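# A look at the structure
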Amino acid sequence: MAGANDNLDWILKAMVAVAASDGRIDTREVGLIQQVYKDQSGQTLTADKVARAAEENADGDMLGQFAAASGTLDRTTKEEMICAAYRVLLADDRIAGEERKKLKDIAMALKISEIHFGAILEDLAAWLVTQKA
């Protein structure tokens, strides 16, 4: 089983993979990645660490890494990865097709069923509505 810091690294990788799926990560997305990371971990994340994660994403096969880690990550971490990545998707108030596809590809690599993936997004959407109220 992975440790808490390892889980946070996976969550960061998922957020960066989705944010970069449209070709770049803008400053708004970096800021949101930092905020979501702090919300989930209580830890501050530097822009440099986000940039390093983005470089690793650009250089490697992230979906392959997610698939390889799938067996060692617990259900909660997988759900947190999808939720955090989806929140980053919403950073620019629009969801591009390539971003939606990347999120679904990550879920598939993590061996999250389509029904479970839908349920995660529904639960997150309901939570987000309560946050705006």
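Residues numbered from 1 in each chain as written. Predicted model: local features only at pLDDT ≥ 70, side-chain atom pairs only at ≥ 80, totals over all residues. Heavy atoms only, no water.

## Side note on the packing of helix α2 (residues 27-41) against helix α5 (residues 75-89)
Put simply, α2 and α5 touch, their axes get as near as 9 Å, and they point 145° apart. For the pair α2 and α5, the crossing hand works out as right-handed. Contact residues: α2 offers Leu32, Ile33, Val36, Asp39 and Gln40, while α5 offers Glu80, Ala84, Arg87 and Val88. (Axes fitted to C-alpha atoms, helices over the stretch in contact; angles between N-to-C directions. Helix = DSSP H or I, 4+ residues; strand = E, 2+ residues; numbered from the N terminus. Left-handed = near helix turned anticlockwise from the far one by under 90°. Contact = heavy atoms within 4.5 Å.)

## Let's talk about the packing of aromatic side chains
Per the stated rule, a full pass over the model turns up one aromatic pair. Pairing Trp10 with Phe66 gives two aromatic rings, centres 5.8 Å apart and planes at 55°, and the pair type is tilted. Residue Trp10 is located in helix α1 (residues 4-19), and its partner Phe66 is located in helix α4 (residues 62-69); the two are separated by 56 residues in the primary sequence. Relative accessible area serves as the criterion here: at 15%, Trp10 is assigned to the buried category. Here the basic side chain of Lys13 rests over the ring of Trp10, its NZ or CZ set 4.4 Å away from the ring centre. (Phe/Tyr/Trp six-rings, centres within 6.5 Å; stacked < 30°, edge-to-face > 60°. Buried < 20%, exposed > 50% of the residue type's maximum accessible area, 1.4 Å probe, protein only. Lys NZ or Arg CZ within 6 Å of the ring centre and 35° of its normal.)

## A short note on the environment of Leu103
The topology assignment puts Leu103 in helix α6 (residues 97-109). A residue is classified by how much of its surface remains accessible, and Leu103, at 2% relative accessible area, is buried. Placed 82 residues apart in sequence, Leu103 and Ser21 show a C-alpha to C-alpha distance of 9.2 Å. Not counting residues within four places of it along the chain, the set of residues in contact with Leu103 comprises Val18, Ile82, Ala85, Tyr86, Leu89, Phe117 and Leu121.

## Focus: the confidence of the model for the protein chain
Per-chain confidence: the protein chain averages 86 in pLDDT, with 92% of residues scoring 70 or above. Here helix α3 (residues 47-59) stands out as the least confident element of the protein chain, with mean pLDDT 86; α4 is the most confident, with 92. (pLDDT = per-residue confidence, 0-100.)

## What about the packing of α2 against α3?
Here α2 crosses α3 at 105°, and the two axes come no closer than 10 Å. Judged by the angle between their axes, α2 and α3 are roughly perpendicular. The segment α2 lies against α3, with Val30, Ile33, Gln34 and Tyr37 engaging Ala47, Lys49 and Val50. (Parallel < 35°, antiparallel > 145°, perpendicular 65-115°, else oblique.)

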